[in-house]
Amino acid sequence: MNLDKFYQTFHGKFEEYDLEELKKTPQYKFGMFTKIINNKEYFRKNIRKVLKEEGNENINEFEDFLVYNRAWYWIKDFDLNNPGIEGIYDYDGALLALDSSIKYFEGLEDYEKCSYLFSFKSLLKMLDSPKNS
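Here goes a summary of the coordinates provided. (Residues numbered from 1 in each chain as written. Predicted model: local features only at pLDDT ≥ 70, side-chain atom pairs only at ≥ 80, totals over all residues. Heavy atoms only, no water.)

**With respect to a nonpolar patch on the surface**
Taken together, V50, L51, F62, F65 and L66 make up a surface patch of nonpolar side chains, about 440 Å² in accessible area. At the level of secondary structure, the elements contributing two or more residues to the nonpolar patch comprise α4 (40–51) and α5 (57–75). Among the elements that make up the nonpolar patch, the one with the highest residue count is α5 (3 residues). With respect to the element layout, F62 can be found in helix α5. (Patch = residues over 30% accessible without salt bridge, like charges linked within 9 Å, V, L, I, M, F, W, Y side chains within 5 Å. Areas by Shrake-Rupley, 256 points an atom, 1.4 Å probe, with all protein chains shown as cover. Salt bridge = Lys/Arg side-chain N within 4 Å of Asp/Glu carboxyl O. Helix = DSSP H or I, 4+ residues; strand = E, 2+ residues; numbered from the N terminus.)

Encoded structure:
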């Protein structure tokens, strides 16, 4: 596959494509949050490979801790007044990720994170509401 042609289709010349700048965009950060949560089984499997243990309750809790806190890293700094996430391509996946995260942090009684995630979810629904009507 010719990567130059692939990236040129979306962003111009590959040499001009700055991955570090892309990583600073709200769409990239929210995409990473959604990807981590919605692919948590993949991440858990890789964590188990590293730890070489399965079925241990402590390992399962540790896996959840790593997955959800890494996802939190990507979403925690959004300005809810101006998140810049319009045009999310996977609306349903984003809602699933937010619901799953809220449930996880509720279990830890981390209500500040729950409140933030719930506000983010409400905002996302509001932004998408014209599409649903």
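Still more ground to cover, so stick around.
**Focus: the pattern of salt bridges**
For side chains of opposite charge, pairing can occur when their charged atoms come near one another. Scanning all chains against the criterion turns up 7 salt bridges. Between D77 and K76 there is a salt bridge, and its shortest N-O distance comes to 3.1 Å. Residues joined in a network through salt bridges with shared partners are E41, R44 and D64.

**Some details on the nonpolar core**
Among the nonpolar cores identified, the biggest contains 25 residues, and F30, F33, I75, L98, L117, F120 and L124 are the most heavily contacted of them. Counting only elements with at least two residues in this core, the list comes to α3 (26–38), α5, α6 (91–107) and α7 (111–132). Broken down by element, the residue count for this core peaks at 8 residues, all from α6. The residues touching F120, leaving out its near neighbours within four places in the chain, are F30, I75, F78, L80, I85 and L98. (Core = buried A, V, L, I, M, F, W, Y, C linked by side-chain atoms within 4.5 Å. Buried < 20%, exposed > 50% of the residue type's maximum accessible area, 1.4 Å probe, protein only. Contact = heavy atoms within 4.5 Å.)

**Description of the environment of C114**
For C114, the position within the fold is in helix α7. Taking C-alpha positions, C114 is 9.3 Å from L98, a pair spaced 16 residues apart along the chain. For C114, the contacting residues outside a window of four places in its chain are I102, F105 and E106.

**Concerning α4**
Taking 1.5 Å per residue, 12 residues should reach 16 Å; α4 reaches 16 Å between its end C-alpha atoms and fits that length. Three or more residues of α4 are buried, namely K40, R44 and I47. Down the axis, α4 shows its buried residues gathered within 60° of arc, on one side only. Among the residues trailing α4, K52 stands out with phi positive, at a value near 55°. (Expected span 1.5 Å × (residues − 1). Arc of directions from axis to C-beta.)

**Structural notes on the packing of aromatic side chains**
Per the stated rule, a full pass over the model turns up 13 aromatic pairs. Judged by centre distance (5.0 Å) and plane angle (15°), the rings of F30 and F120 are stacked. In this pair, F30 is assigned in helix α3 and F120 in helix α7, connecting sequence segments 90 residues apart. What makes F30 buried here is its relative accessible area of 2%. Ring centres of Y42 and F43 lie 5.6 Å apart, and the angle between their planes is 75°; on these two criteria the pair is classed as edge-to-face. By relative accessible area, which is 49% here, Y42 ends up partly exposed. On the accessibility criterion, F43 (25% relative accessible area) is partly exposed. (Phe/Tyr/Trp six-rings, centres within 6.5 Å; stacked < 30°, edge-to-face > 60°.)

**Examining α3**
Taking 1.5 Å per residue, 13 residues should reach 18 Å; α3 reaches 18 Å between its end C-alpha atoms and fits that length. Taken together, the buried positions of α3 are F30, F33, T34, I36 and I37. Along the axis of α3, the buried positions cluster into a sector of 165°, meaning they face one direction only.

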